[in-house]
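Structural characterization, general
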Amino acid sequence: MIGKQKFLVACLCPVLVAGCGMQSKAEDDILDVELPLKTTHIAPYESDASVKMGATETLFKVTDNGTIQPHLVKHYQQVTPHTLKLTLKSHIYFQNGVRLTGEKIKHSLEQALAKGDLLKSTLPVKHISSDGQSLTIITSEPYPQLISELASPFSAIYDTEATENVAQHPIGTGPYEITSYTPSKGMTLKPNRHYWNGKPKLKGIRVTYQEDGLTRVNHLEAGATDVITDVPATNVDRLKTNKAIRVQHVSGYRTQMVLYNHESAKMTYSVRQAIDKVINRDGIVKAISHGYATPANGPFNSHLDFISHKESPKQNIEAARHIMARAGYSNAHPLDINVMTYDGRPELSKIAQVLQSDARKAYIHIHLRQVDDIESFLSHKQQWDASLYSIGTYPRGDTGYFFNQAYLKQGGINKGGYHNGEIATLIHQLNHTVQHRERNQLSNEIIQKSQLAVPNSYISYNDTIHALSAHVHHLKTTPNDIVLIDEKVAIDHDK
C-alpha cells in the first residue's frame, strides 16, 4: 500500500535507522498517515474514516470548544421543535463534478438512515423534503440536538447516484478524493479539483493501518510516515526530544471507563460502588497516562464549561472493603469476576492490571482477558462481568449523543444493558428541551443522579495526541478528533 521500498526497511528495523542506512522519505508532497484502528469498509454511515481523511464532509461541524457551526450549510432555522430548515451553499460540487443540492442531501441522509444502524438509532427522522438548495427535515418528535447529529461523521454527505461502490469509494465534497481502498490495509487519496473551500495543498495522501502504538512511533522516527495518531502517552516525551518531529496534544473528549454488565448477577450496586472506590484515578493519570489525561468525575470532560461538578473521586480502599464485607465477601470468600480489555487501546490493559491489584485488597478477584474484537465480544453478555472501555462521549457538541446511546435501553453503546426509569425520563426530557441553558441544567442533573447508581466507572479523560514530521504544516489536533486532514494541511521541506 505504501509503495515505498524504504517503508519495508523501516518495518524490519524501525529503531536502528542509522544502522539500516535508510534514506529520507522522498519529497513528493504525498502525505503518509498511519492510523491505529482498521476498517473493513468506509461507507460514511459505517465509518468515520472518510471524514477524518478529508474525503467527505458534514452539513455542520464541531468547533474546538464543542459548539456547532454550519459547514455545507449557508444558514438554517429551527422552524418548530419538529422542523429544521436548511439552505445550502450554492457553489459546492461533489468530487465527480456533480453539484450539491437539497435533493442530493435528501438522498444521502435517507440512504444512510436506511443502511446505518448507528445513525438510525440517533436520528428520529420522519420526513425529508427538498427544493433547489433548500432542505427541510421533519422529526417524529421534538429533537433540538438535530444539528449536532448532522455534525456526526456518520451523517457525512455522499453522492448516492455515483457509480463507485460507497463501501470502498464514497464520492463526497471534501478536499481529497479516495482513489483506492484495501480493507484493513489502507487507502490512497488525490486532490479534489472541484473543492469549494480553497485549493488542497497536498498532491496526495497514503493511509495505512497499524494497531501497535510503538510501531507507529518507530515508523515516524524512521521517516517512513509523516503523521501518526493516538500516540501512546509513554512515548510522548521520547518524541519531543526529536527535532524532526512535532507532538500535538489537547485535552480531548475520549473517556476511559469501566463498563459494567448490568445483566450479570455478580455486578450488584454494592460491587459497582466498591470497584468505583477502588479506582486510583490520580495514580492512573500520573503513572499510566504520564500526565496526558485528566482524572474523570463522570462521562464528560470536566474542562467543558457547563459541567457543574469538576472534582474527581479519590481512591478509598477501606470504604470499598467495608462495602464488600457488608455484602458478604472476605479474604476467605472473595468475589471472582471476569474483566475484559482489548488490543486497540493498549493503555487499558495497564489500567486493568492496576485495578486488578488494588481490587484484591477489597475482596474482589479480577480475572483479566484480552480480546481482539471488543465490540463483538461484549455482545455475548454471559462471558463478562465488566470491561475496560474507551469512547468519545462528546463528539459533536452535545450530551444527548452519549445519554441516548449509553443510558437508554436500546442505545447503540449501552453494552452493559444499563436501565434506570428515572434517568430515561430525564433523557427524554432533554431530547425535547430547546434552550441551551436548560439543556445544560438537565445534563448536570442526569450526570449527578445517574452517578449515584454507578452505571459505569469513569476513570480519565485522555488527551488527543498526534505526532508529525516537522515538514508537515497546518495540521491541527482537536479535542473531538473528527477531522484530521483538511485543505490547509501542507508539506514544506524547506522549513
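The model shown is predicted, which means the values in this text are computed figures rather than measured ones.

A few words now on unusual backbone geometry. The backbone of histidine 474 shows a phi angle near 65°, a positive value even though the residue is not glycine. Examined against the element boundaries, histidine 474 turns out to sit in the loop between strand E18 (472–473) and strand E19 (490–491). Take histidine 474: its relative accessible area is 59%, and that puts it in the exposed class. One non-glycine residue with positive phi stands out, namely aspartate 481, at about 55°. Inspection of the secondary structure puts aspartate 481 in the loop between E18 and E19.

Across the protein, the average pLDDT comes to 91, with 94% of residues at or above 70. Contacts from residues 1–24, a stretch scored under 50 in pLDDT, to residues over four places away or in other chains number 41 contacts.

Scanning all chains against the criterion turns up 15 salt bridges. The salt bridge partner of glutamate 487 is lysine 488, with a shortest N-O separation of 3.1 Å. Judged by its relative accessible area of 6%, glutamate 487 is buried. Looking at lysine 488, the relative accessible area reads 45%, which means it is partly exposed. When salt bridges with common partners are traced through the structure, they connect Lys104, Asp159 and Glu161 into a single cluster.

Right, let's talk about the packing of helix H9 (residues 269–278) against helix H11 (residues 317–326) for a bit. In the contact formed by H9 and H11, the axes pass within 8 Å of each other and the chain directions differ by 165°. As far as their axial angle goes, H11 and H9 are roughly antiparallel. Handedness of the crossing formed by H9 with H11: left-handed. Counting all contacts with H9, which are made through Ser270, Val271, Gln273, Ala274, Lys277 and Val278, the residues of H11 involved are Ile317, Ala319, Ala320, Ile323 and Met324. Looking at side-chain class alone, the contact of H9 with H11 contains 8 nonpolar, 2 polar and 1 charged residues.

Across the sheet, which stays open at both edges, the 4 strands sit in the order E4-E5-E7-E6 with antiparallel pairing between neighbours. Edge positions in the sheet fall to strand E4 (73–80) and strand E6 (125–131), since each of these pairs with one other strand and no more. With strand direction ignored, the average angle separating the axes of adjacent strands in the sheet is 15°. Sheet analysis places strand E5 (residues 83–88) next to strand E7 (residues 134–139), joined by 5 bridges and oriented antiparallel. Counterpart to lysine 85 in the pairing with E7 is threonine 136. Across the sheet, helix H4 (residues 102–115) touches E5, E6 and E7, and the angle it forms with E6 is around 160°.

The subject of this paragraph is the environment of glycine 102. Structurally, glycine 102 is set in helix H4. A relative accessible area of 0% means that glycine 102 is categorised as buried. Along the backbone, glycine 102 and leucine 86 are 16 residues apart, and their C-alpha atoms lie at a distance of 8.7 Å. Excluding its chain neighbours within four sequence positions, the residues that come into contact with glycine 102 are Leu88, Ser130, Gly132, Gln133, Ser134 and Leu135.

Looking now at the UniProt feature "domain: Solute-binding protein family" (unreviewed entry) in the protein. Here the UniProt feature "domain: Solute-binding protein family" (unreviewed entry) sits at residues 68–411. For the annotated span residues 68–411, helix accounts for 27% and strand for 27% of the residues, and the straight-line distance between the end C-alpha atoms is 23 Å.

A word on the environment of glutamate 375. Relative to the helices and strands, glutamate 375 is located in helix H13 (residues 374–378). Here the alpha-carbon distance between glutamate 375 and lysine 314, two residues 61 residues apart in the chain, equals 30 Å. If we ignore the near neighbours within four places in the chain, the residues touching glutamate 375 are Tyr389 and Lys415. Within the structure, the side chain of glutamate 375 is placed 2.8 Å from the side chain of tyrosine 389, a separation counted as a polar contact.

A separate point is the packing of aromatic side chains. Overall, the coordinates contain 15 aromatic pairs when judged by the stated rule. Ring geometry for phenylalanine 306 versus tyrosine 394: centroids 5.9 Å apart, planes at 35°, classification tilted. Of this pair, phenylalanine 306 sits in the loop between strand E13 (293–295) and H11 while tyrosine 394 is found in the loop between strand E16 (386–392) and helix H14 (400–407), placing the two residues 88 residues apart along the sequence. Clustering of aromatic rings is evident, with ring pairs tying together Tyr253, Phe300, Phe306, Tyr394, Phe402, Phe403, Tyr407, Tyr418 and Tyr458.

This part takes up the packing of helix H15 (residues 421–431) against helix H16 (residues 436–452). Their axes nearest at 10 Å, the elements H15 and H16 cross at an angle of 165°. On the basis of their axis angle, the class for H15 and H16 is roughly antiparallel. At the point where H15 passes H16, the crossing takes the left-handed sense. Mapping the contact onto sequence places Glu422, Ile423, Leu426, Ile427, Gln429, Leu430 and Asn431 in H15 and Arg439, Leu442, Ser443, Glu445, Ile446, Lys449 and Ser450 in H16. Broken down by class, the residue content of the contact of H15 with H16 amounts to 6 nonpolar, 4 polar and 4 charged.

On to the pairing of strand E8 (residues 176–182), then. Pairing between E8 and strand E9 (residues 186–191): 6 bridges, direction antiparallel. If you follow isoleucine 178 over to E9, its bridge partner there is leucine 189. What sits between E8 and E9 in their antiparallel hairpin is a turn of 3 residues, with serine 184 showing a positive phi close to 65°.

So, how was this worked out
- Residues numbered from 1 in each chain as written.
- Predicted model: local features only at pLDDT ≥ 70, side-chain atom pairs only at ≥ 80, totals over all residues.
- Heavy atoms only, no water.
- Helix = DSSP H or I, 4+ residues; strand = E, 2+ residues; numbered from the N terminus.
- Buried < 20%, exposed > 50% of the residue type's maximum accessible area, 1.4 Å probe, protein only.
- pLDDT = per-residue confidence, 0-100.
- Contact = heavy atoms within 4.5 Å.
- Salt bridge = Lys/Arg side-chain N within 4 Å of Asp/Glu carboxyl O.
- Axes fitted to C-alpha atoms, helices over the stretch in contact; angles between N-to-C directions.
- Parallel < 35°, antiparallel > 145°, perpendicular 65-115°, else oblique.
- Left-handed = near helix turned anticlockwise from the far one by under 90°.
- Nonpolar A, V, L, I, M, F, W, Y, C, P; charged D, E, K, R; others polar.
- Pairing = 2+ DSSP bridges.
- UniProt positions renumbered as here; feature names shortened; annotations may be inferred.
- Polar contact = N/O pair within 3.5 Å; in protein donor to acceptor, adjacent residues only side chain to side chain.
- Phe/Tyr/Trp six-rings, centres within 6.5 Å; stacked < 30°, edge-to-face > 60°.

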